[in-house]
Amino acid sequence: SMAEGAGAGPRLAELLAAGRRLWEEVETGAEPSSGAPAVQDKVRQGLDALQRAAAMVAQLDLFSENEELEEIASADLKYLLLPALLGALTLKQVDLSRRLEHLESARAHFWRFLKLCRSYGLGSFHLPPASPPGEEDAGSPSPGGPAAAQPSLVAMASSRQAKIERYKQKKELENRLASMRTFVESGQADEDQIREFYILQIQKWINTSLEEIESIDQEVVILRSRGAAKQSSAPPHGTSRQVRAPLKPFILTRDAAQAKVFGAGYPGLPTMTVDDWYEQRRRQGIVSGQSAPQRTPGITDEELQKQQQEKKEEEDDEEALQKARNWDDWKDTHPRGCGNRQNVG
């Protein structure tokens, strides 16, 4: 093979093996949390090894879109898995503030792997779109109107059937791989068996990649709909927000007269007017009277940033409260259902 000829063979093989071993350790790890520093260290080391291997593969031009599967040396087949392993490890990163970025990066790796497999005629599957569903079409109905957006029952049933089939195939593949693995790794397998072993692995990763892309697309839609602003304001991983006493449930009313009315109906819940509520929050030191964050001597930038962040969240709360009030006012003057004339009769 070209790789071995170029002298990069042993080094390249080591990098792939290291990256793969680290991925397996993370995947089947005993650590209860993937966020544990030891686990995240392995994720970083694994990504590093696999990225270096991928750079070598690109440099050596091992694979090309217009050659046949037969033209790939059996020993080189395993390098086809690099983008899939990169995708899998990329998803193991836990920094929530960069979640969207990690999802999109992992998806691109899986997609590259699938495209390569398609060009070699490996596996029969539909290549998913090159990028996740975009922001522009997340909110708008599909071109055919709402009816076209409803998947038909037939389609749903057949996709469920396809999933069951995929699951069976996956189990079968895993069993065959497990039985061949020791045989291949002990060096007893001949070239045909080695080749079959790698092709089975590739097929297993095709299934995994299709599943991962499907779930990435769902998560991306959710994250985008929550809004990028909320996303970036997540507290940096590992810093714990100061713990606030949980608010006891109460009925929030606009004024004292309303407080009397509501109070009568819910003896178990105290009522509180908006002003009382603010007063109580102010006493607890949650809503501050000052507008600019006051810097106390000896406060670090990080703490100041945290204060500003909390203040911003307070303002968001106030905005939400204002919206709720406007909605209440609107409901007072518009009887229920007054705007809904579509389904009369």
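Above this text is the structure in question.
Residues numbered from 1 in each chain as written. Predicted model: local features only at pLDDT ≥ 70, side-chain atom pairs only at ≥ 80, totals over all residues. Heavy atoms only, no water.

Enquirer: What's the story with the side chain of Arg20 in this structure? I'm lost.
Expert: Residue placement: Arg20 occurs in helix 2 (residues 9-27). With relative accessibility at 16%, the residue Arg20 sits in the buried group. Contact partners of Arg20, with chain neighbours within four places excluded, come to Leu50, Leu81, Leu85, Arg181, Gln201 and Trp205. (Helix = DSSP H or I, 4+ residues; strand = E, 2+ residues; numbered from the N terminus. Buried < 20%, exposed > 50% of the residue type's maximum accessible area, 1.4 Å probe, protein only. Contact = heavy atoms within 4.5 Å.)

Enquirer: What's the story with the layout of surface pockets in this structure? I'm lost.
Expert: One way to see where empty space is left: roll a probe the size of a water molecule over the atoms. One number sums up the size of the largest pocket: a volume of about 810 Å³. For the largest pocket, the lining is made up of 28 residues, of which Phe125, His126, Arg166, Asn207 and Leu210 are closest to its centre. Breaking the lining of the largest pocket down by element, the ones donating at least two residues are helix 8 (153-185) and helix 9 (191-226). Ranked by residues supplied to the lining of the largest pocket, first place goes to helix 9 with ten residues. Here the residues of the lining of the largest pocket sort into twelve nonpolar, nine polar and seven charged. (1 Å grid on protein atoms, 1.4 Å probe; cavity = no way out; pocket = protein on both sides within 12 Å on 5 of 7 lines; lining within 4 Å. Points joined across faces, edges and corners; volume = space filled by probe spheres on them. Nonpolar A, V, L, I, M, F, W, Y, C, P; charged D, E, K, R; others polar.)

Enquirer: Honestly, the pattern of salt bridges in this entry has me stumped. Any pointers?
Expert: When their charged atoms lie close together, side chains carrying opposite charge are able to pair. As enumerated under the stated definition, the model contains 19 salt bridges in all. For Glu14, the salt bridge identified is with Arg11, shortest N-O distance 3.6 Å. Highlighted residues: Glu14 and Arg11, both in helix 2, separated by three residues, approximately one helical turn. Classification of Arg11 by relative accessible area gives partly exposed; the value is 35%. Among the ionic pairs, Arg99 bridges to Glu219, the shortest N-O distance being 2.8 Å. (Salt bridge = Lys/Arg side-chain N within 4 Å of Asp/Glu carboxyl O.)

Enquirer: Explanation requested: the packing of aromatic side chains in the structure shown.
Expert: Geometry of an aromatic ring pair is reported as the spacing of the ring centres plus the angle between the planes. Applying the stated criterion across every chain, the model contains three aromatic pairs. Pairing Phe197 with Tyr198 gives two aromatic rings, centres 5.9 Å apart and planes at 45 degrees, and the pair type is tilted. What makes Phe197 buried here is its relative accessible area of 4%. Accessibility expressed as a relative area gives 14% for Tyr198, which makes it buried. When the ring centre of Phe125 is taken as origin, the NZ or CZ atom of Arg118, which lies over that ring, is 5.7 Å away. (Phe/Tyr/Trp six-rings, centres within 6.5 Å; stacked < 30°, edge-to-face > 60°. Lys NZ or Arg CZ within 6 Å of the ring centre and 35° of its normal.)

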